[in-house]
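The chain contents come next:
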Amino acid sequence: MNKPMRTGFAASLAFALLTAFAVPASALPDDGGVGGDAPPAGADAGLPAQASALRHPAAYSEQLLLKPVAVTAGSEAPGHEAANAANNSGMSGFFGPLETHGNDGDGAGMWRTGANPGADNWIQLDLGAVYPLGKMLVWNYNQPGETDKGVKNARIQYSADGVAWTTLGGAGRTVHFKQASGTADEKASNWQAPIDFAGAPARYIRLAPDAKANIGNWGDSGTDGPSFGLSEIRIYRFSNPVGAGGQMIAVAQVSADSESEGSPALNAVNNLGMTGSTAKTDTHDRSGGWLSAADPAPGGGIQFDLGGTYPLGEMQVWNYNGPEGPLLGIQWAKVSFSLDGINWTGTNGGEPCRFAPANGEESEAATNLEGSGNPVEFGGASARYVRIEPSAEADRPGSWGGSDGGDARYGLSQVRFYSASGIVVEPAPDWTSLFTRTEGWTGSDGIYSLAYDGYDATGKAKRTDTLFLFSDTFTGSVDPVTKARTLEGYYNNTLATLQGSAPDPANIRFLWGSDGTGRDFRSLFEPSTPYAYTGTVAANTVNEAAGMSPAAASASPADIAPPGPSDTHDNDKDGKTMWLTADDPGDDNWIKFDLSASYRLGKMPVWNYNQFDPDHPDIPYADRGLKNARIYYSNDDEHYTELEGPFQFAKATGDPKLAATNLVGGGVVDFGGAEARYVKIVPNAAPGDGNWGGTTGSEAMFGLSHVRFYDASGELLRYVSASAGSEKDAVPAGNWYWLQDGLSLNGQFYAFPLNMAPDPTQPPGWQFKVAGVSMVKLPNRNGPDLAHMTQIDTPLYYHTSIGGWPLSYTFGAGVMPNTAEAGAPDPDGYVYVYGYRDYAFERLPTVARVKAEDFERFNEWRFWAGPDKGWTRNIEESAPLLSGASVSAEFSVTPMKGGPFDGKYLLVFEKDTLSHYMTYSVGDSPTGPFGALFRSTTRRKPRWAQASPPTTPKRIRTCRTPGNC
């Protein structure tokens, strides 16, 4: 199982798959802004606004959040230090643009100047290094009753060295900030129109309000003069979302094995010295650049993390052009790329590339490769990491001859990457931040989403609200500064409802506890189906896993025999694979079977009660089995017709492999085509008449081992539920639910939770097992109606063993409604429910389907048995859809419309269950065949990566924009 992932603070990461040249422009917000009319950052520094930043949503993520090493201010009131404005105190999350700040009555967690600071009302952030700046968000001063101290109009300035400053928008320009409301969930005052530095290189950012009351602030003048304050400032690294070929791919992180003081690897990607931030035609002015220390170790170099997986087109290089001279530029170097930072592929056939030197001019164009001037070409290869390793060979020197005391050094001024046509896989941090919270619901393992209206088509989220399903969940609080967790409750499953299509924390409501209010420590969904009980329960008589087995063992998964007439039942010494009434049940000694729908019935084979205790071989437990009984059938569970008898059931023998006992004389109960949904067996009440006398000859206990039903055509009905008037030793098994996928259909929400049971035989931390797959149904009354939830056991789980190896089939891991009502591009009216086969350390995907109108009639479900057999009623014959890689316990199959996979089906999963590689495969139909595997991204922290912590990638299936799911 891929479930017990106890991340200290984890919200699941959704990955956005974008098809290049098929992503439409996103409109700018049309609901106004609060950023004033200032032009974008860098307008007076030769850094034009980037068109792509306007066409695509801004990228915000914890990886891109720039955390200052120091925050200073010209004035600080006691208890309102400048550090409060950039340490996340008071925030509802850790990096998202829509997260909110609290409203502490004393202004704790906020910065405020002393009274009448004059020109010392500024606040300044030191990022510790020069970064390419992206967006900046500001949460204004939010102390209740004191919000007029918040900043109103201020100059925004930035600097690379703290000496030369540039004013955002040009000299004299100011930015306008909305006044805070003093409420407990205050959004950033400029979240609708963030300040945009558009890649300008800077280490220091200063916000300087006008010194006058009601101009620099919102009106506070105070007894001793005005004061000024802010709650929080967040600055993000420049990011350039890619939606087409030829666009620049902003580097998220960079590292090097060797750096000279003042010339870090970061300088190779931070635009320092460049005339712009994205163009191939930009030039460099000799400032900045990365330079190794003297005599770097062989095999070292510089590595770039793009933050997502991209089809790489080319790499433009501006060789080292700093004050030490162009001879320090790289000459020979290997260039390689990787998805995971571990396995690398070289360009140029693995041979070193030779880079042209810079010429030392103040306006240096891209130098690229020696001789041709061409960039390094990647040919559209999919990669997240790129590495440049200068050569250590004597005949292929790593630099152009520069030295420092005789020690070789090498460097680069700037490196930029550009996309090719293909598949882009980028994090969706706006959705990650939605589930990254500091209070209440604070993290879970696993996310699924269901569209309220059942319309599941890509890019149509705006037409519906969304229901989210979670498994193991933490509630309590997480310190917004230290991230230390205070655990209040731990739940096996929770829900959330989201209004609208935007990942706005204000529009999401989390539900936990037995009724969704969090008032107790029970999970929302707790097993109450028959399979959640142990003992001699009626459900055992129709549960194929309760003592039934083929007469002959299978040699491989391919030759597992479906249930047949020669199958046998065990002789469990406690009878816990069978049904048995309590002692002296009177008229409650009946057992009833529900076939889920009406069928013309044929034969009903029976295995009578078969308990045998080897420690007490003389006790005739099998005599508790049924003897003389009446059989009734009905279509409505109210009006019953008696099947013409009489019926006397043959006694079981206590044999460990008991064949069907049926009737005395060898006959089988036959309904002769009678139509029924319900069947009831009512033994005569008298001991020795309704049973075979029990253990004493007069014991009034009645039991059965197993019953099967065939329709009039001879086909086994695979789904039957059972209930009884009396059950002995029926006790809760202590099970719990882990939620799987589901859908909204005909005004109901459905999900397929795994029914989990304790298993102390497993290693510590893994002491659980799957006991079955249930169906949970909630009426959709403008959201989930928890008070009217229903649960049933399903035939979507099968377990056996072959040659000592456990084998199981589990369904519900992914649901794809391929119907017109769901907006499927090529609907066939079926709902496809995906699962997996676990055997011999492999987890291979499988699929079942059913017509939407028959969704709850499990006898109408069919399982894909491969192209030769087609669809079958037998789960045991399910065929894998893919070979060569194990899938994860949560995966998805999505019909694609538009782009390079138009008309195809995309299978997305974590390769080999826990490999950390997100992988996709393309098929021609919902059953495949699914072909070659493509690794799309990794969540492993590679050797050179600096800030890419492991997360738990699960899918959010309701796509938010066209081509983005």
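Calculation rules
Residues numbered from 1 in each chain as written. Predicted model: local features only at pLDDT ≥ 70, side-chain atom pairs only at ≥ 80, totals over all residues. Heavy atoms only, no water. Helix = DSSP H or I, 4+ residues; strand = E, 2+ residues; numbered from the N terminus. Buried < 20%, exposed > 50% of the residue type's maximum accessible area, 1.4 Å probe, protein only. Contact = heavy atoms within 4.5 Å. Pairing = 2+ DSSP bridges. Phe/Tyr/Trp six-rings, centres within 6.5 Å; stacked < 30°, edge-to-face > 60°. Salt bridge = Lys/Arg side-chain N within 4 Å of Asp/Glu carboxyl O. Core = buried A, V, L, I, M, F, W, Y, C linked by side-chain atoms within 4.5 Å. Polar contact = N/O pair within 3.5 Å; in protein donor to acceptor, adjacent residues only side chain to side chain. pLDDT = per-residue confidence, 0-100.

(A) Quick look at the overall build of the protein. A tally of regular secondary structure across the protein gives two helices and 64 strands. Summarising its shape, the C-alpha atoms of the protein cover approximately 105 × 75 × 50 Å along the three principal directions. Within the protein, the fraction of its 965 residues that count as buried is 59%. Within the protein, residue pairs in contact and separated by at least 24 positions form 73% of the contacts whose partners lie at least 6 positions apart.

(B) Structural view of the sheet that holds strand β37 (residues 579-580). Reading across from one edge, β37-β46-β40 is the order of the three strands in this open sheet, with antiparallel pairing throughout. At either margin of the open sheet sits one strand with a lone partner, and together these are β37 and β40 (606-608). As paired elements, β37 and strand β46 (residues 703-707) share two bridges and run antiparallel to each other. Bridging across to β46, Leu 580 finds its partner in Gly 703.

(C) The arrangement of the packing of aromatic side chains in detail. Taken as a whole, this structure holds 38 aromatic pairs when the rule is applied. Measuring from ring centre to ring centre gives 5.9 Å for Phe 337 and Phe 378, while their planes differ by 80°; the resulting arrangement is edge-to-face. Placement of Phe 337 in strand β16 (residues 332-338) and of Phe 378 in the loop between β19 (376-377) and β20 (382-390) is noted, with a sequence separation of 41 residues between them. You'll find Phe 337 and Phe 378 in the same group, each marked buried. Seen in terms of ring centroids, Phe 474 and Tyr 490 are 5.7 Å apart; in terms of plane orientation they differ by 55°. Their pairing is tilted.

(D) Quick look at the pattern of salt bridges. Applying the stated rule across the entire model yields 36 salt bridges. Arg 203 serves as the salt-bridge partner of Asp 126, at 2.7 Å between the closest nitrogen and oxygen. Of this pair, Asp 126 sits in strand β5 (residues 123-140) while Arg 203 sits in strand β10 (residues 201-209), and the two are 77 residues apart along the sequence. What emerges from the salt-bridge pattern is a single network uniting Glu 62, Lys 67 and Lys 483.

(E) Fine view of the nonpolar core. Ranked by internal contacts, the top residues of the largest apolar core, which has 50 residues, are Phe 752, Leu 796, Phe 811, Tyr 834, Phe 855, Trp 861 and Phe 891. When neighbours within four sequence positions are excluded, Phe 752 is seen to be in contact with Gln 740, Asp 741, Val 773, Ser 774, Met 775, Leu 796, Gly 812, Val 815, Val 833, Phe 855, Phe 858 and Trp 861. The next biggest cluster of nonpolar side chains, apart from the first, holds 35 residues, and it includes Ala 268, Val 269, Leu 306 and Cys 353.

(F) Structural detail: the side chain of Ser 258. On the secondary structure map, Ser 258 appears in the loop between β13 (253-256) and β14 (290-291). A polar side-chain atom of Ser 258 sits 2.8 Å from the main-chain amide nitrogen of Ala 293. When neighbours within four sequence positions are excluded, Ser 258 is seen to be in contact with Trp 290, Leu 291, Ser 292, Ala 293 and Pro 296.

(G) Just the sheet that holds strand β59 (residues 862-864), in detail. Taking strand neighbours across the sheet as the criterion, the six strands line up as β55-β56-β57-β58-β59-β60 in an open arrangement whose pairing is antiparallel. The open sheet has two free edges, formed respectively by β55 (797-802) and β60 (871-872), since each of these has just one partner strand. When β55 meets strand β56 (residues 805-818), the two strands line up antiparallel, connected through six bridges. The residue bridging His 799 from the neighbouring strand is Ser 808, located in β56.

(H) A look at the side chain of Ser 413. Within the fold, Ser 413 resides in strand β25 (residues 411-419). A distance of 3.1 Å separates a polar side-chain atom of Ser 413 from the backbone oxygen of Asn 319.

(I) Representation of the pairing of strand β11 (residues 229-237) in the model. Where burial is concerned, most of β11 is hidden: nine out of the nine residues are buried. Here strand β2 (residues 65-66) pairs with β11 via two bridges, running antiparallel. Its bridge partner being in β11, Leu 65 is matched across the sheet by Tyr 236. Across two bridges, the pairing between strand β4 (residues 111-112) and β11 is antiparallel. By the bridge assignment, Arg 112 is partnered in β11 with Gly 229. Where β5 and β11 come together, six bridges link them in antiparallel fashion. Residue pairing for β11: Leu 133 is matched across the bridge by Arg 237.

(J) Broad picture of unusual backbone geometry. The peptide bond linking Gly 645 to Pro 646 adopts the cis configuration, its omega dihedral lying at 5°. Relative to the helices and strands, Pro 646 resides in the loop between β42 (640-642) and β43 (647-648). With an omega of 0°, the peptide bond between Gly 928 and Pro 929 qualifies as cis. Within the secondary structure, Pro 929 sits in the loop between β63 (917-923) and β64 (930-938).

(K) Representation of the confidence of the model for the protein within the structure. Per-residue pLDDT for the protein has a mean of 88; in total, 90% of the residues score no lower than 70. Contacts of residues 1-57 to residues separated by more than four positions or lying in other chains number 179 contacts, the stretch itself having pLDDT below 50. Between residues 940-965, whose pLDDT stays under 50, and residues either more than four places distant or in other chains, the model counts 107 contacts.

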